[in-house]
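Next come the chains, spelled out residue by residue.
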Protein chains: 4
Amino acid sequence: MKTNYKIFNDPIYGFITIPKGILLDVIDHPWFQRLRRIKQTGMTHMVYPGALHTRFHHLLGALHLAMQAISGLKQKGVEIAPEEEEGFYLAILLHDIGHGPFSHALESRIVPIHHEQISLMFMKAFNTIWPGSMDLAISIFTNRYPKTFLYQLISGQVDLDRMDYLKRDSFYTGVAEGVIGHDRIIKMLNVVDNQLVIEEKGIYSIEKFLVARRLMYWQVYLHKTSLAAELMLQHFWERLKQLVITGQYSIHHPALNYFINEKVNAKESEFEKQYKILSCYALLDDIDIEFEIKQATEAEDELLRLLAFGLNNRQLFRLEFNPQDTKEDVLQKFNKAGFTNSMVLKDLIWQGIERNQIYQSNVKDEIIILSKKGDLKRFAEVSEFEMRQKIIEKKFICYPKKRLLLRL
Amino acid sequence: MKTNYKIFNDPIYGFITIPKGILLDVIDHPWFQRLRRIKQTGMTHMVYPGALHTRFHHLLGALHLAMQAISGLKQKGVEIAPEEEEGFYLAILLHDIGHGPFSHALESRIVPIHHEQISLMFMKAFNTIWPGSMDLAISIFTNRYPKTFLYQLISGQVDLDRMDYLKRDSFYTGVAEGVIGHDRIIKMLNVVDNQLVIEEKGIYSIEKFLVARRLMYWQVYLHKTSLAAELMLQHFWERLKQLVITGQYSIHHPALNYFINEKVNAKESEFEKQYKILSCYALLDDIDIEFEIKQATEAEDELLRLLAFGLNNRQLFRLEFNPQDTKEDVLQKFNKAGFTNSMVLKDLIWQGIERNQIYQSNVKDEIIILSKKGDLKRFAEVSEFEMRQKIIEKKFICYPKKRLLLRL
Amino acid sequence: MKTNYKIFNDPIYGFITIPKGILLDVIDHPWFQRLRRIKQTGMTHMVYPGALHTRFHHLLGALHLAMQAISGLKQKGVEIAPEEEEGFYLAILLHDIGHGPFSHALESRIVPIHHEQISLMFMKAFNTIWPGSMDLAISIFTNRYPKTFLYQLISGQVDLDRMDYLKRDSFYTGVAEGVIGHDRIIKMLNVVDNQLVIEEKGIYSIEKFLVARRLMYWQVYLHKTSLAAELMLQHFWERLKQLVITGQYSIHHPALNYFINEKVNAKESEFEKQYKILSCYALLDDIDIEFEIKQATEAEDELLRLLAFGLNNRQLFRLEFNPQDTKEDVLQKFNKAGFTNSMVLKDLIWQGIERNQIYQSNVKDEIIILSKKGDLKRFAEVSEFEMRQKIIEKKFICYPKKRLLLRL
Amino acid sequence: MKTNYKIFNDPIYGFITIPKGILLDVIDHPWFQRLRRIKQTGMTHMVYPGALHTRFHHLLGALHLAMQAISGLKQKGVEIAPEEEEGFYLAILLHDIGHGPFSHALESRIVPIHHEQISLMFMKAFNTIWPGSMDLAISIFTNRYPKTFLYQLISGQVDLDRMDYLKRDSFYTGVAEGVIGHDRIIKMLNVVDNQLVIEEKGIYSIEKFLVARRLMYWQVYLHKTSLAAELMLQHFWERLKQLVITGQYSIHHPALNYFINEKVNAKESEFEKQYKILSCYALLDDIDIEFEIKQATEAEDELLRLLAFGLNNRQLFRLEFNPQDTKEDVLQKFNKAGFTNSMVLKDLIWQGIERNQIYQSNVKDEIIILSKKGDLKRFAEVSEFEMRQKIIEKKFICYPKKRLLLRL
């Protein structure tokens, strides 16, 4: 009794059924399996201990929603050929394969290439392994395929990627308020002139989706403690790189050493070069960084050791949004408290800006609403829901607590 | 093995535990048991077949949240004496007991008194049955008790009543997007100078709460089909009343006959009179109206019969928001379709306005935010979330579909 | 923008999508709409206040599962023609339409015909309204269609009817332990030689299903308080009938009067007669009985009045399983407590037996397991889970509490 | 605005509130934080990709249930002093701290000591850090405290540990059928003569609990693929140890090297020695093993490399329960398929037995039921639910698939 599909359990959708063939072949490939070891939300688990879910699960989830969406659109008479369906599924399945260790938290820091660019490289590499298999997927993913809605379902204001990650992140963090009605939104999708539109009845669900997204930003993605952890991770990595390059610290990890010492740049490199980069990059996941953190808790370098210890034992920096204190103020407080090594201390006080924007109404991929009478309108025109257009920015300052400083 | 509490199962909260004593005595009283036969959301079940939940369950739920809220506030050091606790619980348990058949859908139509006024009468009547038991509850419910936050927990911008009904209505309708994080909001409650405040960390949850509320308004409470059903119910009742008063139709129901023939007014009447009204009013629930609808499907009066048939068999009127057609236009369409009895038809085309306002920032009970440093700020000042202050109004027109007209 | 389907919201499955055509026509028919007023679980809401869900919602839910099951089977290569699909959907949609007021609680008491028999009459009547439309549905429902698995999906040890009602009843009562993994079981269905089988991997889910079912029986369906309420309802109805027949009490309800006075029997009657019965029967629902209960709270007859008052105000009888007291013992206790009207009291003490059987292994419709190697085995053979074969019986005694007796 | 508690988000219970003081101090300690990096269910995530939850989260959950249970028991009049409460909470919080990398999957393999023994060592060590703080916890944990029910709540047939892990594992795997009604069971707990008992009304919930547990065993804990992954992990570790000891392979990990080379035995060693072991052991978590797996994918040793590659890329062995093939049969199949290196192949075919027992009725910690009349009875006596007493055993054979063998 052979089946022609494989079932994955998902606490969110129940079952995810994937037909045997190229989709499962890709999933079984070590490059894709590696995503089992890359957490979806970087350091968020430091604040929300349940948030250990991975890019692997997210991509299966996005694929699941994609299958639902296509089935709904076909029911409404939208024409989608079987090969377009497969190409689209491959594109959404692989759209995030380019993520490296800790996803966004270390984005462009191990390799100075955006993860979507790397996803494209993986698709091209798969296209060599299974010749031609990725042609359509690549065309859709790079938005060169005429049926634009397929691209918009992967990357738009209301796409399936966002639908899955909002749902999934809210599920695993336990921030119930981020829950969105993905099934309702999917039911409201339609296509006019190859463009994705939302049927009028879906307006409230879209508003809810945008609010949920905004809420998840401030409550989860930009949570000050989780942000502090990510800053620590970034500073840890930059310090480690610097020490390795200057020969002051050594690690045993071939792939990490390769990326620290080579200057990799996507655009210049021809594919041969890319393939080598890619194979090397495909060896990396959270484990490698987490292991280096653990190792570095015994490092000689004070800064590296402190960051490693803090990260490993969750003694995280304090982060304040819209702070009144300047870097100088914090330094003085440290001095008063008896910490006087200004050289090191200065490197432990970080300032920056976080920004977030819910919905951009002037961009070209804005949400289009299909009225019952068949007219198309811009969402901003129709919604009674007013959203600030300006980008919301928050300055911050971030520095260690005394308890951690004591370990200097 | 006697227990000193009773447990009610609730699909939403799991268990609702209520201590034996005056609270359970009130719940066991026929006046309160009657609420088992009054649907929470009037005719909403015509659109959302699961929405058959009752005022009874809602009040138990609100009481449950009240117990959680008080427990949380006491943990934070807010002083609340046992008798205040009981008074508060009684006030929230009884705040909706004044609702009559179909709750808001027939509000003030059977008796021209607002349901809160009637709730107060019931409290006073219970105060006679169990002398003095309701003193504090009445003081809190009428906002004369100095600890204003107790009143605000029952009736404010973010009160426990709303928390339960949003949660409950969204649960039973299956409109998952209305779900709110009641437990999180309750955790964020605090009291300053006897006023209810929300701790700063709760801002996003409040925003979510306001959006969920707005969404529930347009998607559920003011759903056009459910609104059509409620208009039909109101016209049915007014027609029935008129026919009974003019002797053209008779019903066998003593209590209904009493209210149709007597002119009842709350303010003038002294308590003796009220008690009689109350006893009579306490006999009424959804069953009585639903039975009269079924009976009237055989009525001689065309209008009454049509409305009864439509309500009973869910052949509901069409309702259009912001319609282009005038009453005259609709009438002409009817004529073209062969329906020419203008006398009756005119009475079957209804026009009106629905309004909704999410949050009023200039009113005195606005939401107050307690910052981490202890400052108080108005929610509208702090939230990055902009909401239109103006009341949103929607005109509508409502008229029968042909299928129903054929039964004239 | 016309759609060719209608969506029903369901708190359990999210959306139930039903294509326009005969299925929706049947749903829109007054006979089917009537099921909106028949509670799925009789008097269970007296114990679990959330259990107000209806036969209407249950049948939509069963239809929804049916669509999932067929889609899954077709994916596995089971051949099912479009007209078979429709016939099957109609059969499952209508399999419970014969239920009358309070479903099982008054089964065979208003009309001495089992509800399945009446469901068949309704199907035949629909077959006259839309000629030929029900041919296949009737053939499947009466188990005369060669593809036996279609019948087994409606009525078998693990059928879709049970799957929906266990899920639905557990959802609305809030008895979370009754939850079953309907989607997993449905995934495990298969067909061999036109017989429904369960794939081996589904054994644990079946065991869980059987345990959940048993748990729901004792915790919900045979809950002693809910059983007491149902016994009160039955005695109320029998008393009312007797008083009406003997002219001691009168009701204004034509359809109820018809059934009380006529002797209706299914088998003898030819269809003409059936159609009249059916039209009359189709006028009845919970409202009618609930209204008579409310009316009877003022009846002259002591017994009727007491039962009506108790039912209306939830002053329910006490029920003890496996009681030590005999009827005589209870009577003596009553006497000691000062209640001496033995004539009435005797009629208020009821004795009986309840039984429940989880799984019958010797019957012909037993569960068949399909092993990975393709062998068929009886479930009882394969499962490590031992279940008692004997029927579990519980004697009970049921009588009023003093508080209610005081109203005699 | 300082709070005296900390809140942890939990997707399962919503919020877990923990008062500041010794409980939070313990949680903040690196030894406890380390549990953030130890997966609760070993290799289960290979089958259920969501199962990445940790011992850290499980222990917070068990503590949460403990607080609920104590609050419920106190409400029923069971006397529990504040210091007993704290001791009990510490005991349950720390009962699993002794787990090492991959929990049960490598149990007793890195150190030949059972994890509960190690948990006790940690408690004793904490008792040195915060003198006396653990006295009561240790007394309860070792079942020497007179109020036996406190021990039984941690380790009994129906304890809070099991309640949390069944709930949590079923939540994260998405195996909805494992869900138990923990709140209901907790409501049914009571104490008689210092022994934990279950009130009669809770019998069905207990039965459900036992079935859910059994289901989780076969469907999750002993899932054949997850079992295969664990066997691979164990063989990987044993091979690695052997190669390191014999000098054929070297790793850079000080703590791992320490345990591989030292022979550690709990009973003989005095505490000084233990403290060193403990500090070293406390450095280990899943990361270390996962890193060694990744490293070993390049190892020279064929066997080690194959296991590492298979584990890292999820090319898992096939496992058959109750197999017909012997080791010899499998070997022959391999030969036929062209794999002839019998020396290596023999080491890749594993045989064994798995066992599971739901409920032991003859042991001293059996479940005691408290009847409504106050009698105590053994669960097995009262339940109508018959469970096989004998231990269920399943033989298995486990070997690589061809795809993986090709990499030899």
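Residues numbered from 1 in each chain as written. Chains lettered and ligands numbered in written order. Predicted model: local features only at pLDDT ≥ 70, side-chain atom pairs only at ≥ 80, totals over all residues.

Engineer: Quick question: what am I supposed to make of the overall build of chain A here?
Structural biologist: A count of helices and strands for chain A gives 19 helices and 9 strands. Since a compact globule built from 408 residues should have a radius of gyration of about 22 Å, the 23 Å found for chain A is in line with a globular shape. Dimensions of chain A, computed from the C-alpha atoms along their principal axes, are close to 70 × 50 × 45 Å. Every one of the 408 residues in chain A was classed for burial, and the buried ones make up 49%. The long-range share in chain A, meaning contacts at least 24 apart out of those at least 6 apart in sequence, stands at 70%. (Helix = DSSP H or I, 4+ residues; strand = E, 2+ residues; numbered from the N terminus. Rg over C-alpha atoms; globule rule 2.2 N^0.38 Å. Buried ≥ 20, exposed ≤ 12 C-beta atoms within 10 Å, placed from the backbone. Contact = placed C-beta atoms within 7 Å.)

Engineer: Is there a simple way to explain the sheet that holds strand 8 (residues 376-378) of chain A in this structure?
Structural biologist: Strand pairing in a sheet relies on backbone hydrogen bonds. The paired strands run either parallel or antiparallel. Residue and element names in this part refer to chain A. Read from one edge to the other, the open sheet built from 4 strands follows the order 3-4-7-8, with strand pairing classed as mixed. Because the sheet does not close on itself, it has two edges, and the strands there are strand 3 (189-192) and strand 8. Sheet twist, expressed as the average angle between the axes of neighbouring strands with direction ignored, equals 45°. (Pairing = 2+ DSSP bridges. Axes fitted to C-alpha atoms, helices over the stretch in contact; angles between N-to-C directions.)

Engineer: Quick question: what am I supposed to make of the interface of chain C and chain A here?
Structural biologist: In many analyses, interface size is given as the accessible surface area lost on bringing the parts together. Residue-level contacts link 7 residues of chain C with 7 residues of chain A. Looking at the side of chain C that touches chain A, the elements with two or more residues in it are strand 2 (14-19) and helix 9 (182-188) of chain C.

Engineer: Even after reading the chapter, I still don't get unusual backbone geometry, so can you show me in this structure?
Structural biologist: Backbone phi values are negative for most residues with the exception of glycine, while trans is the configuration of most peptide bonds. The phi dihedral of A:Asp193 falls on the positive side, at around 50°, and the residue is not glycine. Mapped onto the fold, A:Asp193 is located in the loop between strand 3 and strand 4 (195-199). A residue is classified by how many C-beta atoms lie within 10 Å of it, and A:Asp193, with 8 of them, is exposed. In the Ramachandran plot, B:Asn322 falls in the positive-phi region, its phi being about 45° despite a non-glycine side chain. Positionally, B:Asn322 belongs in the loop between strand 5 (318-321) and helix 16 (327-336). Classification of B:Asn322 as exposed rests on a count of 9 C-beta atoms within 10 Å.

Engineer: Help me out: how do you make sense of the relation of the copies chain C and chain A in this one?
Structural biologist: In this structure, two copies of a chain are linked by a rotation about an axis accompanied by a shift along it. It takes a turn of 180° to lay chain C on chain A, together with a shift of 0.1 Å along the axis; the resulting RMSD is 0.0 Å. Each copy turns onto its partner about a two-fold axis. Nearest to the rotation axis, the C-alpha of C:Tyr13 is located 5.7 Å from it, this being the minimum over chain C. A symmetric contact is evident, with 100% of the interface residues of chain C recurring at the interface of chain A. (Least-squares fit on C-alpha atoms with pLDDT ≥ 70 in both.)

Engineer: Even after reading the chapter, I still don't get the relation of the copies chain A and chain D, so can you show me in this structure?
Structural biologist: After a rotation of 180° and a shift along the axis of 0.0 Å, chain A superposes on chain D with an RMSD of 0.0 Å. Most of the interface of chain A is mirrored in chain D, where 100% of its interface residues again form contacts.

Engineer: Would you take a moment to explain the domain arrangement of chain A for this structure?
Structural biologist: Residues and elements named next belong to chain A. Partitioning chain A into domains gives domain 1 (5-224 + 363-391) and domain 2 (226-353 + 397-405). Just the C-alpha atoms count here: the centres of domain 1 and domain 2 sit 30 Å apart. With 29 residues of domain 1 in contact, the opposing surface of domain 2 contributes 28 residues. Per element, the largest residue contribution to the side of domain 1 that touches domain 2 is 6 residues, and it comes from helix 5 (residues 115-129). Each residue belonging to the side of domain 1 that touches domain 2 can be placed in one class, and the counts come to 18 nonpolar, 5 polar and 6 charged. (Domains from an automatic or database assignment. Nonpolar A, V, L, I, M, F, W, Y, C, P; charged D, E, K, R; others polar.)

Engineer: Any chance you could explain helix 14 (residues 286-296) of chain B here in plain terms?
Structural biologist: Because an α-helix completes one turn every 3.6 residues, residues spaced three or four positions apart along the sequence face the same direction. Burial of helix 14 of chain B is extensive: 11 of the 11 residues sit out of reach of the surface. Residues of helix 14 of chain B that are buried in the fold lie against helix 11 (224-245), helix 12 (254-261) and helix 15 (302-312) of chain B together with helix 14 (286-296) of chain C.

Engineer: Any chance you could explain the nonpolar core here in plain terms?
Structural biologist: With 490 residues, the main nonpolar core has A:Ala66, B:Ala66, C:Ala66 and D:Ala66 as its most contacted residues. Not counting the four nearest positions on each side in its chain, D:Ala66 is found in contact with D:Phe88, D:Tyr89, D:Ile92, D:Leu153 and D:Leu160. (Core = buried A, V, L, I, M, F, W, Y, C linked by C-beta atoms within 7 Å.)

Engineer: Is there a simple way to think about the interface of chain A and chain D in this case?
Structural biologist: Taken together, the contact pairs 27 residues of chain A with 27 residues of chain D. For the side of chain A that touches chain D, the secondary structure elements donating two or more residues are strand 1 (5-10), helix 2 (30-33), helix 3 (55-75), helix 8 (160-173) and helix 14 (286-296) of chain A. Among the elements that take part in the side of chain A that touches chain D, helix 14 of chain A stands out by supplying 4 residues, more than any other. Looking at the side of chain A that touches chain D, its residues break down into 12 nonpolar, 10 polar and 5 charged.

Engineer: What am I meant to see in the pairing of strand 4 of chain A here?
Structural biologist: Side-chain positions along a regular strand alternate between the two faces of the sheet. All names here are of chain A. The pairing of strand 3 with strand 4 spans 4 bridges and is antiparallel. From the neighbouring strand, Val192 faces strand 4, where its bridge partner is Gln195. From the end of strand 3 to the start of strand 4, which pair antiparallel, there are 2 residues, and Asp193 there has a positive phi angle of about 50°. Sheet topology places strand 4 next to strand 7 (residues 368-370); 2 bridges connect them, and they run parallel.

Engineer: Looking at this structure, I do not really get the sheet that holds strand 8 (residues 376-378) of chain D. What am I missing?
Structural biologist: Residues and elements named next belong to chain D. Within the open sheet, the 4 strands sit side by side as 3-4-7-8. Their pairing is mixed. Two strands close off the open sheet at either side, each with one partner strand: strand 3 (189-192) and strand 8. Mean inter-strand twist for the sheet, computed between neighbouring axes without regard to direction, equals 45°.

Engineer: Please explain helix 8 (residues 160-173) of chain D as it appears in this structure.
Structural biologist: Residue and element names in this part refer to chain D. A rise of 1.5 Å per residue sets the reference length of helix 8, with its 14 residues, at 20 Å; its end C-alpha atoms lie 20 Å apart and thus fit the reference within 8%. Judged by how many residues are buried, helix 8 sits mostly within the fold: 13 of 14 residues are covered. Count one or two residues on from helix 8 and you reach Gly174, which has phi positive near 85°. (Expected span 1.5 Å × (residues − 1).)

Engineer: Would you mind showing me how to read the environment of D:Tyr89 here?
Structural biologist: Tracing the chain through its elements places D:Tyr89 in helix 4 (residues 82-94). Apart from residues lying up to four places away in sequence, D:Tyr89 is in contact with D:Leu23, D:Leu63 and D:Ala66.

Engineer: How do you make sense of the packing of helix 14 of chain A against helix 15 (residues 302-312) of chain A when you look at a structure like this?
Structural biologist: Helix-helix packing: each pair is described by the crossing angle between the helix axes and the interaxial distance. Residues and elements named next belong to chain A. Interhelical geometry of helix 14 versus helix 15 gives an angle of 120° and a closest axis separation of 8 Å. Between helix 14 and helix 15, the interaxial angle falls into the category oblique. Crossing of helix 14 against helix 15: the hand is left-handed. Residues Ile293, Lys294 and Ala296 of helix 14 form the contact with helix 15, whose participating residues are Leu304, Arg305, Ala308, Leu311 and Asn312. Of the residues in the contact of helix 14 with helix 15, the class split is 5 nonpolar, 1 polar and 2 charged. (Parallel < 35°, antiparallel > 145°, perpendicular 65-115°, else oblique. Left-handed = near helix turned anticlockwise from the far one by under 90°.)

Engineer: Looking at this model, I keep getting lost on the environment of B:Leu60. Mind explaining?
Structural biologist: Among the structural elements, B:Leu60 can be located in helix 3 (residues 55-75). A C-alpha to C-alpha distance of 39 Å links B:Leu60 and B:Leu243, two positions 183 residues apart in sequence.

Engineer: Is there a simple way to explain the packing of helix 8 (residues 160-173) of chain B against helix 10 (residues 203-221) of chain B in this structure?
Structural biologist: Residues and elements named next belong to chain B. Where helix 8 meets helix 10, the axes come as close as 11 Å, and the angle between the chain directions of the two elements is 45°. Compared by their axis directions, helix 8 and helix 10 come out oblique. As for the relative orientation of helix 8 and helix 10, their crossing is left-handed in sense. Seen from helix 8, the contacting residues are Arg162, Leu166, Asp169, Ser170 and Thr173; seen from helix 10, they are Ala212, Arg213, Met216 and Val220. Its residues assigned to classes, the contact of helix 8 with helix 10 comprises 4 nonpolar, 2 polar and 3 charged.

Engineer: Please clarify how the confidence of the model for chain A should be interpreted in this entry.
Structural biologist: Low-pLDDT stretches of the model should not have their predicted coordinates read in fine detail. Residue and element names in this part refer to chain A. Overall, the prediction assigns chain A a mean pLDDT of 90, with 92% of residues at 70 or greater. Confidence over residues 358-362 falls short of pLDDT 50; this stretch has 10 contacts with residues more than four positions distant or in other chains. The ipTM for the predicted assembly is 0.94, set against a pTM of 0.87. (pLDDT = per-residue confidence, 0-100.)

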